[in-house]
Amino acid sequence: VLLQTSPYHVDSLLQLSDACRFQEDQEMARDLIERALYSMECAFHPLFSLTSGTCRLDYRRPENRSFYLALYKQMSFLEKRGCPRTALEYCKLILSLEPDEDPLCMLLLIDHLALRARNYEYLIRLFQEWEAHRNLSQLPNFAFSVPLAYFLLSQQTDLPEHELASARQQASLLIQQALTMFPGALMPLLEYCSVRPDATVSNHRFFGPDAEISQPPALGQLVSLYLGRSHFLWKEPAIMSWLEENVHEVLQAVDAGDPAVEACENRRKVLYQRAPRNIHRHVILSEIKEAVAALPSDVTTQSVMGFDPLPPLDTIYSYVRPERLSAVSHGNTIALFFRSLLPNYTTEGERLEEGVARGPNRNQGLNRLMLAVRDMMANFHFNDLEVPREDNPEGEGDWD
């Protein structure tokens, strides 16, 4: 009903798009998102350039959130339609709008899209440039995706031999670090890929069932998110063979008492006590069942709106409606009297517009008062009562 009167109300377009998507009407859902993007594009400032990468939008302001969410939903539609490279560019755009805070946590998704788009060099460069100040290796998705990118890069035949050998060596080093840091991810990954590990791996205490159970809930949520989204990238036989070699290398290091194993265990206990709010927001938007099931109860029990999931706690409101004072309590006696007679009567000072200072104009107020009196007097109608004539004043007539 709201969209019938306001066809470009963005929040309603986002909400109705979700409703259409739940009803398997994908085409209408995409059209509504494109309409929302068109509506916001028409309102762009002339200096707001999406291609420059230097424009910023604060997610704490409610006016900006619809743009973030519309871009995210459009990116999801593009990925499902088999356009991973275009989806990757949308992901870069969303990340560039607020790269420090990353309100939609695009760093949990950008590696997946880069691998699907076969843009391995970009993923490796991003990891090398951001690792120093963002600690990307502490995210399970980057810890596993970057060595996979190195390995896939080493499989290409159009590169020199020394570059291929260097990429293969770097891939093995990084995957061993990932397995040491996140041992609870191995068995679920093999289960997703329908691969049964040998007894040496499945019965070992490091990769056994205790590894998955003992990891913190926040870490388990990140692992579930990554595996639910990217497990199919590991199903190739060459990748599984390479992974098996490095798993045995890690087991040898564990049995030898490598101090890095204990250091990683202590780091897991400290770093993953609770996931921040932007990760919870990303999990809700991703709609990956395994990750959504791992959300804490304080998130699942609160109402989540599709047009603004988990709004920031430090929201900045740019527009605040001023408090309206009761006109009856502040009116004078004459005004109250005429209001009781004429409910539509108001003095000039009571007809306030938002943002305008209150100040009655006395001349206009008196004119309105006189007009109100005239309207009141015009509504009075006096009917002439006819006095019945007495044909027989002395009462000598007959009875009826």
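Rules used in this analysis
Residues numbered from 1 in each chain as written. Predicted model: local features only at pLDDT ≥ 70, side-chain atom pairs only at ≥ 80, totals over all residues. Heavy atoms only, no water. Helix = DSSP H or I, 4+ residues; strand = E, 2+ residues; numbered from the N terminus. Buried < 20%, exposed > 50% of the residue type's maximum accessible area, 1.4 Å probe, protein only. Contact = heavy atoms within 4.5 Å. Areas by Shrake-Rupley, 256 points an atom, 1.4 Å probe, with all protein chains shown as cover. Axes fitted to C-alpha atoms, helices over the stretch in contact; angles between N-to-C directions. Parallel < 35°, antiparallel > 145°, perpendicular 65-115°, else oblique. Left-handed = near helix turned anticlockwise from the far one by under 90°. Nonpolar A, V, L, I, M, F, W, Y, C, P; charged D, E, K, R; others polar. pLDDT = per-residue confidence, 0-100. Core = buried A, V, L, I, M, F, W, Y, C linked by side-chain atoms within 4.5 Å. Domains from an automatic or database assignment. Expected span 1.5 Å × (residues − 1). Arc of directions from axis to C-beta. Phe/Tyr/Trp six-rings, centres within 6.5 Å; stacked < 30°, edge-to-face > 60°. Lys NZ or Arg CZ within 6 Å of the ring centre and 35° of its normal.

1. Some points on the overall build of the protein
Moving on, step 1. Along its length, the protein carries 21 helices and 0 strands.
Moving on, step 2. Counting across all 400 residues of the protein, residues that qualify as buried make up 43%.
Moving on, step 3. For the protein, contacts bridging at least 24 residues in sequence account for 71% of all contacts bridging at least 6.
Moving on, step 4. Counting every atom, the protein has about 24,300 Å² of accessible surface; 52% of that belongs to carbon and sulfur.

2. A look at the packing of helix α4 (residues 62–80) against helix α5 (residues 84–97)
Each pair of packed helices gets described by two things: the angle between the helix axes and the distance between those axes.
Moving on, step 1. The interhelical angle for the contact between α4 and α5, taken along N-to-C directions, is 160 degrees, at an axis separation of 8 Å. The angle between the axes of α4 and α5 places the two elements in the roughly antiparallel class. With respect to the hand of their crossing, α4 and α5 are arranged in left-handed fashion. Contacts between α4 and α5 involve Phe 67, Tyr 68, Leu 71, Tyr 72, Gln 74, Met 75, Leu 78 and Glu 79 from the former and Thr 86, Ala 87, Tyr 90, Cys 91, Leu 93, Ile 94 and Leu 97 from the latter.
Moving on, step 2. Counted by class, the contact of α4 with α5 contains 12 nonpolar, 2 polar and 1 charged residues.

3. A few points about the confidence of the model for the protein
Moving on, step 1. Mean pLDDT over the protein works out to 86, with 82% of the residues at or above the 70 mark.
Moving on, step 2. Counting interchain partners and residues more than four positions distant, the pLDDT-below-50 stretch residues 352–360 has 9 contacts.

4. Some points on the nonpolar core
Moving on, step 1. If you look at the biggest cluster of nonpolar residues, it comprises 104 residues, and the most contacted ones within it are Phe 142, Phe 144, Trp 234 and Leu 243.
Moving on, step 2. In terms of residue count, the dominant contributor to this core is helix α8 (residues 140–154) (10 residues).
Moving on, step 3. If you count residues domain by domain, this core takes at least three from each of domain 1 (1–104) and domain 2 (119–307).
Moving on, step 4. Apart from residues lying up to four places away in sequence, Leu 243 is in contact with Ile 175, Leu 179, Leu 186, Leu 189, Leu 190 and Trp 234.

5. Observations concerning helix α15 (residues 259–271)
Moving on, step 1. For α15, built from 13 residues, the straight-helix expectation of 18 Å at 1.5 Å per residue is met to within 8% by its first-to-last C-alpha distance of 18 Å.
Moving on, step 2. Listed in full, the buried residues belonging to α15 are Val 261, Cys 264 and Arg 268. Take α15 and look down its axis: the buried residues cluster within an arc of 65 degrees, on one side only. Facing away from the buried side of α15 by over 90 degrees, the exposed positions are Pro 259, Glu 262, Lys 269 and Val 270.

6. Some thoughts on α4
Moving on, step 1. The end-to-end C-alpha separation of α4 is 28 Å, in line with the 27 Å expected for 19 residues at 1.5 Å each.
Moving on, step 2. Counting buried positions along α4 yields 15 of 19 residues, so the element is predominantly enclosed.
Moving on, step 3. Of the residues flanking the end of α4, it is Gly 82, one or two places downstream, whose phi is positive at about 80 degrees.

7. Quick word on the environment of Leu 313
Moving on, step 1. Along the polypeptide, Leu 313 turns up in the loop between α18 (297–300) and α19 (327–330).
Moving on, step 2. Residue classification places Leu 313 among the exposed positions, given a relative accessible area of 76%.
Moving on, step 3. Along the sequence, Leu 313 and Arg 277 sit 36 residues apart, while their C-alpha atoms lie 9.2 Å from each other.

8. Focus on the packing of aromatic side chains
Moving on, step 1. According to the stated counting rule, one finds 12 aromatic pairs in the structure shown.
Moving on, step 2. When the ring of Phe 48 is compared with that of Phe 67, the centres are 6.3 Å apart and the planes differ by 70 degrees; the resulting orientation is edge-to-face. A residue pair is termed long-range when its members are at least 10 positions apart, and Phe 48 in the loop between α3 (26–42) and α4 and Phe 67 in helix α4 qualify at 19 residues. For the pair shown, Phe 48 and Phe 67 are each scored as buried.
Moving on, step 3. With centroids separated by 5.0 Å and ring planes inclined at 75 degrees, the aromatic side chains of Phe 206 and Phe 207 adopt a geometry described as edge-to-face. Considered together, Phe 206 and Phe 207 belong to a single accessibility category, that of buried residues.
Moving on, step 4. Taken together, the ring pairs in this structure connect Phe 144, Phe 151, Phe 182, Tyr 226, Trp 234, Trp 242 and Tyr 272 into an aromatic cluster.
Moving on, step 5. Note that Arg 65 overlies the ring of Tyr 59, its terminal NZ or CZ placed 5.8 Å from the centroid.
Moving on, step 6. The residue whose ring lies beneath Lys 92 is Tyr 122, and the NZ or CZ to ring-centre distance is 4.1 Å.

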